[in-house]
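# Architecture at a glance
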Amino acid sequence: MDAREHFHALLDSLRPLLRADEGFTLDYRAEDSEFVRFNRAQVRQAGQVRQIFATLALYLGERHARFELSLTGTAGEDRARLCHALERLRAVVPALAPDPYLRLNREPWRSESAEPGTMPDNTVVIGQIVDAGAGLDLVGIYAAGPQYQGFASSWGALGWHAASSFNVDWSLFHANGQAVKSAYAGQHWDASTFARRMASAREQLEYLGRPALTLAPGDYRAYLAPAALDEILDLLSGSFSAQALASGASPLQRLFAGSARLSPLLTLDERIAGGLAPAFTGEGPRQDLRLLAGGLPGERLVGSRSAAEYGLTANGAGAHEHPLSPVMAGGDLDEGDILSRLDTGLYIGNLWYLNFSDRPAGRLTGMTRFATFWVENGRLQAPVNTMRFDDSVFSFLGPHLEALTREPETILPAGTYGARQSGSRTLPGALLGRFTLTL
Amino acid sequence: MFESASELSHHFAALRSRADFWSLRHVRELGEHYRVRRSVALPPAFGDDSGAMLTARIAGVEAYAATSDLTQAGLQAALERAEHLARALAGHALLEVRELPVPTGAADDVAPGYERPLDGPAHWFEVLGAESTRVPRDARLVDWSAGLGVHCVEQIYLNSAGACLRRAQRFVYPALSVTASDGHDSQTRSLGGFNFGQQGGAEVVDRLGLVGAAPRIADEALQLLLAPNTPSGPLDLLLMPDQMVLQIHESIGHPLELDRILGDERNYAGTSFVRLEDFGRYQYGSPLLDVTFDPGRPEELASYRHDDDGTPAQREYLIRRGILQRPLGGALSQLRSGLPGVANSRACSWNRAPIDRMANLNVEPGDRSLAQLIGGIERGILMSTNRSWSIDDARNKFQFGCEWGQLIENGELKGVVKNPNYRGISAHFWRNLAAVGDASTVEVLGTPYCGKGEPNQAVRVGHASPACVFKNIDVFGGAA
């Protein structure tokens, strides 16, 4: 059955079951995914996953609970499963305490989008990847296929988002253990674009063959490529949450409290258009929001629960209050000038395994990984062995942020925990006057 | 229990295939989550997830297809997709698995107490609500939470060689945390949560000591808010079990995963500083270090009789008297490497394929009481309860942080310090192991969030450990 029809069939079967004093929301997530792992430029493991999950929430006045269930895609069986979930909820909800922070969006909003992609048969793509990797030590994953998200409520809300996409996320390893990471993601597979990206990775691999440098801990000038800045923004993604800011859990709490500052070069928006995430969450339609304005704190991401608890106004953020498609404004650094403006220091292609050294102080730690080079007098000199940084965002993205690249790059997530991750981050590269390495 | 077993067996017997070998792994997971935050009960969440992975082996090439459609037609279609893919991979496959042995036995592996019912939502909301209200009223206590997660998982493995392996387990995750903030700094103290989970029932909540703990946890959060930062410099380091689990996990567990050493994970989770030729000879730690793969401790998260490929599981030493013995590698990795391994081929659910994972990975107890461990330190620091972890892709250079620090001077515990962090290199760190706590210091802990694999998988792993002392470690605090 077509996914949209399946979703509507579920709604059609659910509505008549509801009693007059009951309300519901139904969240729907499905995907039909190809997963192909590669090691040494051959297929290590391959398979397909067809999964459909729905989360039914039942509301009885201010009492509510939810039930997540897997579905089969066949109408009769799924109707029975949904009915069973409803009965389970009915057995629990009346005895719950009223929820003082329930402020459900009961507007009858609608949002619908479909972004069909064009992808060749997976065996064709496998052949292209294996051929392109011939003679190379290629390792990575190809993930592709359609994904569907739906949301509906008994108060007339209806959201639907369908998109087909692919994501090849791969590394080329040099015999010395150094590696360069690449990705090709989108909705319309183009063999020549993939070939160009592979050629670019091969070119970088040649630099990695030079003897690697081991740096001493200390302060260095550094350039963070967009993929490296993406790791930092990923760790900071909870920073704008209204709940995190109110409960001492945000690493940007000192920024929002006015006791710490970020560089005026930083402007960050949560932007729906072009973001590849649905234009709605379970809280309703999303909104474009300015999270950082010239280094100053902007909007918080406020879900309805936080709005009720802390006296704020909800702004369409999902229950987790994370940005789904943030866009950082570019600066005045041309791509061709990165090495000359860096002059002498580190070119960091990626960062890895970030965490907090001191969260309230915005202090982070993490590792360099993939294509990190030592640069002298504006010229690449040698790859650098893995180094640990430990520094505060209020320093390296504060007074020590010198420039951002002119053209931000859109990065699509390769994450697949439970399901293929949607959304995107659009980021420039960042030139830093000081970045502290510790190990 | 195993409600769908009969129907599933019937469907499996009726599958038609031209594959040389095929298997079905069905997983059903029921979940329930209760949480009280700032003395307000959050809406409970329940779950019922079931599906199956079909695997086909044709001319030495394997492929899989997973589906939540468990009808005869749904399973048949999935098997045909797996077969089609296995044929399409001919000529592109890295591995030839014709020689990989297939399980043939039948066994039921039902965790002790599995069939004993747990109390329902009303009981747990009462317990958690009471604990939440025990947090003292203090404007600096800005957030607190008490929660409980319960997951019942049943798995049925069937294959064309006649195997029928069934497993039923219940996992319990109690948690309590309190955050204190003065508007500038924030400190959180927790009990349980992401580093504590066990198999069992209500007794797991008792073992954690959740009931009645809130005033102490709140007081410790306030102590941390007022405490000085951890000093910087080399100190002797006493790690309590709720930090040892993280240290074991990141700097012994992951580096010993054989698929990492064989290169499968280099694009995501990473590689390892350990080489194939190191097994049997490498000095991983001091002679005090004994590490086991132990699937037999009933309450530990990853206790089982067979792994997800059907290999029988048994206790093995991975490190003995400091010398590396064998890797964490399942049957396939053993075939690829020629090394002995363990039964650790595991998947997070029906929609992900088994790969080499940690399971129960334990440091064996030594002979020192906690008082003796503290008494043997002239200038050092005790660290407890992991809160931050970061390690390089070869699992060597690490930096870890804890919630709670307490200085040790001349064999005695002294003042509390906040933001206790330390850093080191795995290849050297374990050689600094200077004292190992006895059985009285051992705690059985674990996490449901061990991430790895492409596509990504988060699995449950168990770690039991005593408290341990490490000499001369680089320790430091937070921002001034």
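Residues numbered from 1 in each chain as written. Chains lettered and ligands numbered in written order. Predicted model: local features only at pLDDT ≥ 70, side-chain atom pairs only at ≥ 80, totals over all residues.

## Here's the deal with the sheet that holds strand β16 (residues 361-363) of chain B
Sheet strands associate in pairs through backbone hydrogen bonding, adopting either a parallel or an antiparallel arrangement. All names here are of chain B. The following threshold applies: Criterion used throughout: strands pair if DSSP finds at least two bridges between them. Segments assigned H or I by DSSP are reported as helices when at least four residues long, segments assigned E as strands when at least two residues long, and all are numbered from the N terminus.
The four strands are arranged β13-β12-β11-β16 in an open sheet whose pairing can be described as antiparallel. Sheet topology places β13 (323-324) and β16 at the edges, where each strand pairs with a single neighbour. As paired strands, strand β11 (residues 291-293) and strand β12 (residues 316-320) are joined by three bridges and run antiparallel to one another. The residue bridging F293 from the neighbouring strand is E316, located in β12.

## Observations concerning the nonpolar core
For clarity, the threshold we go by: The nonpolar core is taken to be a set of buried Ala, Val, Leu, Ile, Met, Phe, Trp, Tyr and Cys residues joined by way of C-beta atoms within 7 Å. Whether a residue is buried, exposed or partly exposed is read from the other C-beta atoms within 10 Å of its own C-beta, which are placed from the backbone; 20 or more gives buried, 12 or fewer gives exposed, and intermediate counts give partly exposed. Whether two residues are in contact is decided by their C-beta atoms, placed from the backbone, lying within 7 Å.
If you look at the biggest cluster of nonpolar residues, it comprises 219 residues, and the most contacted ones within it are L54, A82 and L237 of chain B. With residues near it in sequence (within four places) discarded, L54 of chain B still touches W22, L24, Y64, A65, L75, A78, L79 and A82 of chain B. Within the second largest apolar cluster, 32 residues are counted, among which are L56, A57, L58 and L89 of chain A.

## With respect to the interface of chain A and chain B
Here is the rule: Any residue outside Ala, Val, Leu, Ile, Met, Phe, Trp, Tyr, Cys, Pro, Asp, Glu, Lys and Arg is labelled polar, Gly included; the first ten of those are nonpolar and the last four are charged.
If you look at the interface, chain A gives 75 residues, while chain B gives 64 residues. Across the side of chain A that touches chain B, the residue classes break down as 34 nonpolar, 26 polar and 15 charged. In this sheet, strand β3 (residues 45-58) of chain B lies alongside strand β3 (residues 63-70) of chain A in parallel orientation, the contact comprising four bridges. Each bridged residue has a counterpart across the sheet, and for F67 of chain A the counterpart in β3 of chain B is F46 of chain B.

## Some words on the confidence of the model for chain B
One rule of thumb: low pLDDT means the predicted coordinates there are not for detailed reading. Rule in force here: What pLDDT expresses is the predictor's confidence in each residue, scored from 0 to 100.
This prediction gives chain B a mean pLDDT of 97; 100% of its residues lie at or above 70. For this predicted complex, the interface score ipTM comes out at 0.96, while the overall pTM is 0.97.

## Comments concerning the pairing of strand β6 (residues 141-159) of chain B
Residue and element names in this part refer to chain B. A large share of β6 lies buried, amounting to 14 of its 19 residues. Where strand β1 (residues 21-37) lies against β6, 15 bridges are found, and the strand directions are antiparallel. Counted as the bridge partner of E32 is V150 from β6. Relative to strand β7 (residues 164-181), β6 runs antiparallel, the two sharing 17 bridges. Looking at β7, one finds that G147 is bridged to A175. Taken together, β6 and the strand that follows it, β7, pair antiparallel across an intervening segment of four residues, in which G162 is found at a positive phi of about 100°.

## A short note on the domain arrangement of chain A
Residues and elements named next belong to chain A. Basically, it comes down to this: Start and end points for every domain follow an automatic or database-based domain assignment.
Each assigned domain of chain A is listed with its residue range as follows: domain 1 (3-202) and domain 2 (218-437). Taken over C-alpha atoms, the centre of domain 1 sits 25 Å from the centre of domain 2. Tallying the contact residues gives 30 residues for domain 1 and 25 residues for domain 2. The set of elements that each furnish at least two residues to the side of domain 1 that touches domain 2 consists of β1 (22-39), β4 (110-115), β5 (137-153), β6 (158-173) and β7 (179-186). Sort the elements by how many residues they give to the side of domain 1 that touches domain 2 and β6 lands first, with six residues. When grouped by side-chain class, the residues that make up the side of domain 1 that touches domain 2 number eleven nonpolar, twelve polar and seven charged.

## Describing the domain arrangement of chain B
Residue and element names in this part refer to chain B. Here chain B is partitioned into domain 1 (5-226) and domain 2 (233-476). Computed from C-alpha atoms alone, the centre-to-centre distance between domain 1 and domain 2 is 22 Å. Residue-level contacts link 39 residues of domain 1 with 35 residues of domain 2. Only β1, β3, β4 (61-67), β5 (106-110), β7, β8 (186-192), β9 (198-199) and α5 (214-226) provide two or more residues apiece to the side of domain 1 that touches domain 2. Each residue belonging to the side of domain 1 that touches domain 2 can be placed in one class, and the counts come to 21 nonpolar, eleven polar and seven charged.

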